[in-house]
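Chain and residue survey
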Amino acid sequence: MERLHARYPFFAAAREAVDEAAVDLGELVAREDDPAVDRAIERVTTALTEHTTGEMRRDNRTELLSYPVARVLVSLVDDPVVTQTYAKAEAATAAERVRSDLDTTTQLKSASGSDLTVARLLREFDLAGDVTEAETGYRVAVGAYLRLAGDRDGDSWRLPRRSLADGTVPVSRDELLTLLRGAIEERVMLGLPFQVPDVIAEHLEDEVERIEDVLSDPALPTSFGPVDANSFPPCVDHLLERAQDEEDELAPPSWFTLCAFCATVGMDPEEVVAVTRATGETAERIRYQMAKLAREDGSIEYPPVSCTTVQAYGDCVNQDEVCAEISHPLAYYETRVETADD
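My aim in this report is to walk through the structure given alongside it, one point at a time. It should be emphasised that the depicted structure is a prediction, and the values quoted were computed from it without experimental measurement.

Further remarks concern the pairing of strand E2 (residues 138-141). Bridge count between strand E1 (residues 131-133) and E2: three bridges; the pairing is antiparallel. If you follow Glu 133 over to E2, its bridge partner there is Tyr 138. Two successive antiparallel strands, E1 and E2, enclose a turn made up of four residues, where Gly 137 displays a positive phi of approximately 85°. Two elements, E2 and strand E3 (residues 168-171), share four bridges in a ladder whose sense is antiparallel. Looking across to E3, one finds that Ala 141 is bridged to Thr 168.

See the structure below:
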């Protein structure tokens, strides 16, 4: 298990290293206080709170094995917001490492003698045939560009702003590395969540509970009177407008934010279906999401995420004077409701 594998555990070579070591995840999680499990918990919880995966461990085994264990934990939590937030954090962390490792004078070599290079990264993500070097920067096949740039913010990423020629799009080296971040996120998301065998799941019940606790904040207001739609925060109003637009598909974290907020302030699934004018699969997604949010006693399992997380999802828009004073959508709603009552 090499340092290269530990830094980039989603590489095919890293997976092969784990396979060659014949690591039994069932035995690993059954051991008491195994450092790989502790590091896995940190990977996931830090992803949810800080949108990174935390500090690497010096021990390559601990760092590398924490990655498959983290994927197991994410699968056991089985929540769209956790899955996508985790994948984005892994991609963000790896993207920073890629830039650092490519720019350092000391190459990060593997035992096979292969350095971390742009060419290797392109081969790793099956992009070698879609990306070619140009006199200045690179040119990316339009199909690959649209797939990887689709989640990027800013008008500069829009295809009409690019000089399309022969089915390729020009990008700088820095922009190419940003696109590779999207490829990393795709790789991390691949297969998540998956069915975890009972023999593994039963040893991780406490660890899953620790992760779920991160999603809740007992200090938040969770009990309200009649629903007052006029007091909704701007981000929720915006999500409702987007949900009503058949051509604007919300990402899973955005659906979670919307459904969790609506459930917490007292709306039932059918009210949310009605207000979003959802039909078919979209309506069923709302019903399923809100059913997961509610406990048997009617309380909420997971409140909506904080303003910081809403910003990370790109859903923080139209901020007003109340937004400047609060740090959570529920705090905004509580403030506006109290003002209206006064």
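Counting across every chain of the model gives 17 salt bridges. Asp 101 serves as the salt-bridge partner of Arg 7, at 2.9 Å between the closest nitrogen and oxygen. One end of the pair, Arg 7, is in helix H1 (residues 3-7); the other, Asp 101, is in helix H6 (residues 80-103), and 94 residues separate them in sequence. With respect to burial, Arg 7 and Asp 101 carry one shared label: buried. Across the pair Glu 185 and Lys 88 runs a salt bridge, and its minimum N-O distance is 3.4 Å. Of the two residues, Glu 185 sits in helix H9 (residues 173-189) while Lys 88 sits in helix H6, which places them 97 residues apart along the sequence. Residues participating in the shared-partner salt-bridge network are Arg 39, Glu 42, Arg 43, Arg 57, Glu 63 and Glu 90.

Cut-offs used in this document
- Counting from 1, residues in each chain are numbered in the order their sequence is written.
- Since the coordinates come from a predicted model, pLDDT governs what is reported: local features require at least 70, and pairs of side-chain atoms require 80 or more to be given and counted, while whole-chain, interface and lining totals use all residues.
- Side-chain metrics in this entry use all non-hydrogen atoms of the structure; hydrogen atoms and water are not considered.
- Following DSSP output, two strands are said to pair if at least two bridges run between them.
- Segments assigned H or I by DSSP are reported as helices when at least four residues long, segments assigned E as strands when at least two residues long, and all are numbered from the N terminus.
- Just to be clear on terms, a salt bridge is a Lys or Arg side-chain nitrogen sitting within 4 Å of an Asp or Glu carboxyl oxygen.
- Burial here depends on accessible area, computed with a 1.4 Å probe over protein chains only, as a share of the maximum for the residue type. Under 20% is buried, over 50% is exposed, and the range in between is partly exposed.

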